[in-house]
Amino acid sequence: MDLLVAWFLFPLLMLALSAGCGLLVDRIAAGRLPAPLIPVLGFASIVVAGQFLTLADVTAGLTTPLVVAAAIGGLVFGLRGRAPAFEPWGLIAAAVVFAVYAAPIVLSGEPTVAGFIKLDDTATWLALTDRIMDHGRDLDGLARSSYEATLHFNLGEGYPIGAFVPFGVGVALTPGDAAWLIQPYIAFAAALLALGLWSLAPPLVRSPPLRAAAAVIGAQPALLYGYYLWGGIKEVIAAALIAATAALAARALARPRDQRALVAPTLTAAALLGVLSAGGLVWLLAPLLGAAVILARREGPRFAAGRALAAGGAIGLLSLPLLLSGALLPPTSSPLTDASARGNLVSPLDPLQAAGIWPSGDFRLSPEHELAAYLLIAVACLAAVAGVVWSMRQRDPGPALYVLGTLAACALLVAFGSPWVGGKALATGSPAILFAAMLGIGWLASGGRRIAAIGAAVAVVGGVLWSNALGYGGVSLAPRGQLADLERIGEQVAGQGPTLMTEYEPYGVRHFLRDSDPEGISELRRRQIPLRDGTTVEKGGSADTDQVDPLALGVYRTLVLRRSPAQSRPPSLYRLVWRGDFYEAWQRPAEESLLPERLPLGDPQDPYGVPDCDRVLELGRRGDLVAAAGERPVVVPLSRTRYPGSWSTPATPSEPVPRSGGAIEARVEIDRAATYEIWIGGSLRPAAELIVDGLPAGEVRDQLNNRGQYVRLGSAELEPGSHRIDLRIGGPDLHPGSGGEAGPIGPLVLSSTSAASTRLVSVPAAAARSLCGSRWDWIEVAG
């Protein structure tokens, strides 16, 4: 799938679906909503309707056709005779926000996912979407696997699926895999947030360009943008629905006697519950109570109570799927109020991050220039206070309901929730202060205080752009080639499981390989998968096939292995069936699962080793032998190379951290002419160029790996003798992710043999001693 489909056609499709469904609801309710609120309302209607349809297997498959029919009906009949007034500046604001969120992926040159090696939640979102659109919450028929375990823990225990239904509908109508569409989907939700903020601004900001600026800046707070770059789907969608609910509630207050005015805000409120489950009540409580108080003062307490009961009853009815599926209190890996539950956070986030300005490449860390950051935050907060006061003086309840209600909910969740919950709350609520600050700047400008307005605008806008530029530079993008290999393998081995992945790769076992009953060696295991020493691999780790207990390994018909100079050839029963740039797939006959007795050799960096002759002879007494032959790699610890001194400390000379641009210079001795693949352990973010004996041999960038993996730098034909290897690593540039945190790298490895090219040598039992004294990958009993 190319960028055009993912980042142009798919968002237009989502807009058409949302706008069509929104027009239909607006037509039925005779709401006559302004055009910017129509897509948000339609999106919410898809969330709510989809939850009912995906309750059961028999109705789940109807979700997409019914949503399409509703959208077509809305576009045909909703526009007939009374099309909503077109507001071009609102559309411009949404388009700008979408472009800002799209930039880190689009400017990488290929569709991919963000947050790779940072957080694995996106892999879970893909698994949930895969399942609910065809089978709803029904898990019948799934074999034991990491994919099944993911679904059981989430769908089986009542995880809310509201955020995934519109995505699933869009995926079903778009060619290609869902993985390449999830970032455009979240960016589309950010555009909906901009439309909601645009609708909250009038009549305070009468200038359309200034309203657009308020919406654009309000929709890209640094913390929400940072969560988006981690795949934070629920935070962005919830922020959009909260803003839309406040805008729609304010419009309902302007028409208190029209019961139909309650339809739109109750629909978006129910959608918010569908996305966040019970947590959504916290976000709804303050703004809806505020609206009730305003209504009581205008129309009387009895009238306000009646309207509140009607709205509450409607929200309850629309939220029945949460109650029926048990999703009102969803499963969680740690208590929601546990002060030690930090998830992937380093420490609890600073509450000041709710101000929307945080100039750091990683939102978990302190700002790069703390004094400047705190001064900008102070300006934003003061401008936000002015904006709220101005809106209250103008008797416009929308902005005050949104800003004060959002901040109250955020404070409550941060005070009583775990650090992980508090971080999500800060991200979800962070548009409020920035939006209010832009209103305050508008007030200063309209009151003739132009110098103050310009100064505040420079501080707020500059702080936001500075923060998000650093986030752009620090994004962790999944290497497209790695996931594309898994996509192709998944298509080839579907139905040929069970399948084992020997590295930690959640996108493989939770999504791409789902049709082959995949299991990860270090996560969500339904089987223990012990190693030969009796231990198991901790989450995030990987293991060579030689390390796995043969009885545990033989269970799996298919093995999906990461290409690496340290990877052993699987047992002789397995044959290579597919090979790409990053992965290989190996399979054994379906009817044979008992692996021959074998003697593994080598170490974590070199798969070849010299066997103990007594053990070889002992194997020979059991029958004829098979040995895996190949050439041992040339392993060069980086302590034996030259590189910038700033990259390492005396304690880690073999694993320096390339914190800046520089070069690694190495001399290697080659004793056999061959074509060598050249690798380096770890990850590389900026552009890196491989030079062998003064000639270019390869270029890479954006190659991120989980622990224990290698980056293939290039290849070169080498003759026996001494050779010079130079690896020139660049520094941060305009490419997304090039300024991200670097990790340790090394060793440098030159390999002329891979697992796929290993030769199998058969030896009669009587000649077993001939295998002594030579290097082998492993030796096993034939048959």
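This is a predicted model, so every value here is computed, not measured.

**Student:** Can you help me understand the state of the cysteines in this one?
**Tutor:** Two cysteines, two sulfur atoms, one covalent bond between them: this is a disulfide. Considering all chains together, one arrives at one disulfide under this definition. Between the sulfur atoms of Cys-613 and its disulfide mate Cys-772 the distance is 2.0 Å. Handedness here is read from the sign of the S-S torsion; for Cys-613 and Cys-772, about 80 degrees, the answer is right-handed. One end of the pair, Cys-613, is in helix α25 (residues 613-620); the other, Cys-772, is in the loop between β16 (759-763) and β17 (778-781), and 159 residues separate them in sequence. Given the relative accessible area of 22%, Cys-613 is considered partly exposed. Overall, Cys-772 belongs to the buried group, its relative accessible area being 18%. No disulfide involves Cys-381; its nearest neighbouring cysteine sulfur is the one of Cys-410, lying 12 Å away.

**Student:** Got a minute to help me understand the sheet that holds strand β13 (residues 710-718) in this structure?
**Tutor:** What holds strands together in a sheet is hydrogen bonding between their backbones, with the strands either parallel or antiparallel. Spatially, the four strands line up as an open sheet ordered β8-β15-β10-β13, and their pairing is antiparallel. Of all the strands in the sheet, just β8 (634-636) and β13 have a single pairing partner and so form its edges. Taking each pair of neighbouring strands and ignoring which way they run, the sheet shows an average axis angle of 20 degrees. Note: β8 against strand β15 (residues 748-751), three bridges, orientation antiparallel. Directly across from Val-635, in β15, lies its bridge partner Val-749.

**Student:** What is the right way to look at the environment of Leu-625 in this model?
**Tutor:** Within the secondary structure layout, Leu-625 lies in strand β7 (residues 625-629). Spatially, the C-alpha atoms of Leu-625 and Ala-768 are 7.1 Å apart, while their sequence positions differ by 143 residues. Not counting chain neighbours up to four residues away, the residues in contact with Leu-625 comprise Val-616, Leu-619, Gly-620, Val-761, Ser-762, Val-763, Ala-768, Leu-771, Ile-779, Glu-780, Val-781 and Ala-782.

**Student:** I'm lost on the pattern of salt bridges in this one. Help?
**Tutor:** Pairs may arise between side chains of opposite charge once their charged atoms sit close together. Under the defined criterion, the tally for this structure stands at 25 salt bridges. A salt bridge links Arg-622 to Glu-597; its shortest N-O distance comes to 3.0 Å. On the criterion of sequence distance, the pair formed by Arg-622 in the loop between α25 and β7 and Glu-597 in the loop between β5 (583-587) and β6 (598-600) is long-range, its members being 25 residues apart. Accessibility expressed as a relative area gives 41% for Glu-597, which makes it partly exposed. When salt bridges that share partners are traced, they join Asp-120, Arg-510, Glu-523 and Lys-539 into one network.

**Student:** Looking at this structure, how should I read unusual backbone geometry?
**Tutor:** What is expected of a backbone is that most residues other than glycine have negative phi and most peptide bonds are trans. Between Gly-497 and the following residue, Pro-498, the backbone shows a cis peptide bond with an omega angle of 0 degrees. If you trace the backbone, Pro-498 turns up in the loop between α22 (480-492) and β1 (499-501). Of note, the amide linkage connecting Gly-746 to Pro-747 takes the cis form, showing an omega dihedral of 5 degrees. When you line up the elements, Pro-747 lands in the loop between β14 (721-729) and β15. Although it is not a glycine, Ile-117 sits at a positive phi angle of roughly 65 degrees. Looking at where Ile-117 falls in the secondary structure, it is placed in the loop between α5 (88-106) and α6 (121-135). Backbone geometry places Asp-702, a non-glycine residue, at a positive phi of 55 degrees. Here Asp-702 shows up in the loop between β12 (695-700) and β13.

**Student:** Explain the sheet that holds β7 here, please?
**Tutor:** Spatially, four strands are ordered β6-β17-β7-β16 in an open sheet, and the strand pairing comes out antiparallel. At either margin of the open sheet sits one strand with a lone partner, and together these are β6 and β16. Strand-to-strand twist in this sheet, taken as the mean axis angle between neighbours without regard to direction, amounts to 20 degrees. Sheet analysis places β7 next to β17, joined by three bridges and oriented antiparallel. Residue pairing for β17: Ala-627 is matched across the bridge by Ile-779.

**Student:** Where do I start with the packing of helix α2 (residues 37-53) against helix α13 (residues 263-276) in this structure?
**Tutor:** Helices that pack against each other are described as a pair by the angle of their axes relative to one another and the distance between those axes. Look at α2 against α13: their axes get within 8 Å of each other, and the N-to-C directions meet at 55 degrees. As far as their axial angle goes, α13 and α2 are oblique. Here α2 runs over α13; the crossing is left-handed. On α13, the residues touching Leu-41, Ala-44, Ser-45, Val-47, Val-48 and Gln-51 of α2 are Ala-264, Leu-267, Thr-268, Ala-270, Ala-271 and Gly-274. Counted by class, the contact of α2 with α13 contains eight nonpolar, four polar and no charged residues.

**Student:** How should α22 be read in this particular structure?
**Tutor:** For an α-helix the count is 3.6 residues per turn, leaving residues at separations of three or four pointing the same way. Look at α22: 19 Å from first C-alpha to last across 13 residues, which is about the 18 Å you get at 1.5 Å a residue. Restricting attention to buried positions, one finds in α22 the residues Arg-480, Gln-482, Leu-483, Ala-484, Asp-485, Leu-486, Glu-487, Ile-489 and Gly-490. Close packing links the buried residues of α22 with β1, α23 (506-512), β3 (558-562), β4 (575-579) and β5.

**Student:** Is there a simple way to think about the side chain of Asp-546 in this case?
**Tutor:** Within the element layout of this structure, Asp-546 appears in the loop between β2 (518-520) and α24 (550-553). Polar contacts involving the side chain of Asp-546 include one to the side chain of Arg-598, which spans 3.0 Å. Ignoring anything within four residues of it in the chain, the contact list for Asp-546 reads Arg-532, Ser-568, Arg-569, Arg-598, Pro-600, Leu-601, Asp-777 and Trp-778.

The rules behind these values
- Residues numbered from 1 in each chain as written.
- Predicted model: local features only at pLDDT ≥ 70, side-chain atom pairs only at ≥ 80, totals over all residues.
- Heavy atoms only, no water.
- Disulfide = S-S within 2.5 Å.
- Helix = DSSP H or I, 4+ residues; strand = E, 2+ residues; numbered from the N terminus.
- Buried < 20%, exposed > 50% of the residue type's maximum accessible area, 1.4 Å probe, protein only.
- Pairing = 2+ DSSP bridges.
- Axes fitted to C-alpha atoms, helices over the stretch in contact; angles between N-to-C directions.
- Contact = heavy atoms within 4.5 Å.
- Salt bridge = Lys/Arg side-chain N within 4 Å of Asp/Glu carboxyl O.
- Parallel < 35°, antiparallel > 145°, perpendicular 65-115°, else oblique.
- Left-handed = near helix turned anticlockwise from the far one by under 90°.
- Nonpolar A, V, L, I, M, F, W, Y, C, P; charged D, E, K, R; others polar.
- Expected span 1.5 Å × (residues − 1).
- Polar contact = N/O pair within 3.5 Å; in protein donor to acceptor, adjacent residues only side chain to side chain.

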